[in-house]
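The residues making up each chain are set out below.
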Amino acid sequence: MEQKPHIAILASPGMGHLIPLVEFAKLLVHHHDLHITCIIPVLGSPSKAMKAVLQALPTTIDHVFLPPMILEEEIKGLKFEVQTILTLTRSLPPLRDVLISTRFSAFVVDPFGIDALDIAKELNISPYIFFHANAFTLSLVFHLTKLDETISCEYRDLPEPLKLPGCIPIHGRDLMEPVQDRTSESHKMILHSAKQFRLAEGIIINTFMELEGSAIKALLDEEAKNLPLYPVGPIQSGLSNQVEESDCLRWLDNQPHGCVLFVCFGSGGTLSYDQTNELALGLELSGQKFLWVVRTPNNESADATYHSDQTLDNNTLAFLPKGFVERTKWQGLVVPSWVPQAQVLSHGSTGGFLSHCGWNSILESIMQGIPLIAWPLYAEQKMNAVLLAEDVKVALRPKTNKNGLIDREEIAKVVKRLMVGEGGKKVRNRMKDIKIAAEKALSADGSSTMALSELASQWTNHPGF
Ligand code: UDP
């Protein structure tokens, strides 16, 4: 019997990375004759959401958990990305065993697992990177070494915006979080990763030509000879995993068409106590319908929920302003912890999305044509917010006051503008155009479909196979 090329895909802990990788794997097995094994490193123990995604995998995709890593107490206080990279680095020996155990044609890694590319090289397996963010961020990664060599101050202190080829100019303070403190461990790690990117034989990127054409072309012009880029997005995440019945979907069924603002900060986003209070009062003040996924506030870290498998229930919402839930019963629904986001966004009652600007959330919003309020929190989200608000023009961005908070009046203003104002109309129309462009990219002869086919044929014709 003829064997299919077998591709190993290394995920990283964290839903925002796992979901698109899994969906990418599904695309490969649905449209191309490949055999896929997803390899999952684990920090602590797999979260419920993670297990649910993996249990829903089609039988044509295998998955293997690597032995769970328990990090020392002092490491647990470090940033999520540092913990993730450490988890992956320490998972390299068991990963090596998995890669040796089967004859793989190609090995795809998440950027957090970039050091695993060395093992692939050593074992003569073609190494690829699945870049979960956009071309704007990838461009920064490629230019980081040069920026580091030529700029001596912190990027946020630069007087002028930076101009990455093919990208919108961006102020240093809006660059991704790990480069904000150049003395930090995160910065050291990202510089190291940026150099490792050159080991790959290709980079798969979850974006599409019609959205980021000039950034992609600029990257191709500079890198293409050595490093092909495959823009295969938007990879639609979540819809097929989340078929469960849910109270929030039933609630949406009873709301008017396009009138609900969905408020969600991804799988890890967390606000401070004061900011949570302002958001609640701002939503109330706006008078607009809302569906808000709330998390226990945290004053220390904007990605605190990443670190915990938080399961809140309605009885533990005491941190919300007194009487808020009762007063807004007609207006909104507060859901603790988690909702099936892709389904919420595809529901006819949803008309706007206040988002932390995680790249998956943005792509999910694009696929449903839902305009955004950009409220970036961590990682590369400020870059995404700049891209959305200033370049693609599908988002409104609220202003922060002198205390570093977005206050209730500003929230109410921007929510009303998005849902019923003139500014909202413009971004809504623009988002409709982008949705159509995304559908075109994914159509039978669209740019993303072609890029995926090119990649698959690269693997199918691999000389080692
Ligand atoms: N998500 C979800 N329900 C939630 C919160 C998040 O289904 O309540 C999903 C969301 O649809 C997206 C992913 O989790 O696919 C979050 O990824 P994103 O890149 O937006 O943000 P991250 O969590 O990585 O910061």
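Residues numbered from 1 in each chain as written. Predicted model: local features only at pLDDT ≥ 70, side-chain atom pairs only at ≥ 80, totals over all residues.

## Brief notes about the site of the ligand
In the neighbourhood of the ligand, 20 residues make up the surrounding shell, with Gly16, Gly266, Gln341, Gly358 and Ser361 lying closest. Broken down by secondary-structure element, the contributors of at least two residues to the shell around the ligand are α1 (15–31), α13 (341–346) and α14 (359–368). Tallying contributions element by element places α14 first for the shell around the ligand, with four residues. (Near = placed C-beta within 6 Å. Helix = DSSP H or I, 4+ residues; strand = E, 2+ residues; numbered from the N terminus.)

## Observations regarding the pairing of strand β3 (residues 61–65)
Two faces make up the sheet, and in a regular strand the side chains alternate between them. Bridging between strand β2 (residues 35–40) and β3 involves five bridges; their strand directions are parallel. Within β3, the residue paired with Cys38 across the bridge is His63. One crossover worth recording links β2 to the parallel β3 by way of helix α2 (residues 48–55), and it is right-handed. (Pairing = 2+ DSSP bridges. Right-handed = clockwise from strand over helix to strand, strands pointing away.)

## Focus on the confidence of the model for the protein chain
Taken as a whole, the protein chain shows an average pLDDT of 91; of its residues, 93% reach a score of 70 or greater. Interface confidence for the predicted complex, expressed as ipTM, amounts to 0.99; the pTM equals 0.92. (pLDDT = per-residue confidence, 0-100.)

## Structural notes on the sheet that holds strand β10 (residues 332–336)
A sheet is described by the order of its strands in space; here six strands give the open sequence β10-β9-β8-β11-β12-β13, paired in parallel fashion. Each having just a single partner strand, β10 and β13 (395–396) make up the two edges of the open sheet. Inspection of the sheet shows strand β11 (residues 350–355) paired to strand β12 (residues 372–374) by three bridges, in the parallel sense. Residue pairing in the sheet places Ser355 in a bridge with Ala374 of β12.

## Let's talk about the environment of Ile36
You can see Ile36 is positioned in strand β2. Residue Ile36 is classed as buried on the basis of its 24 C-beta neighbours within 10 Å. When the C-alpha positions of Ile36 and Cys153 are compared, they lie 45 Å apart, and in sequence the two are 117 residues distant. For Ile36, the residues in contact, after removing those within four places along its chain, are Ile7, Ile9, Ala25, Leu28, Val29 and Ile61. (Buried ≥ 20, exposed ≤ 12 C-beta atoms within 10 Å, placed from the backbone. Contact = placed C-beta atoms within 7 Å.)

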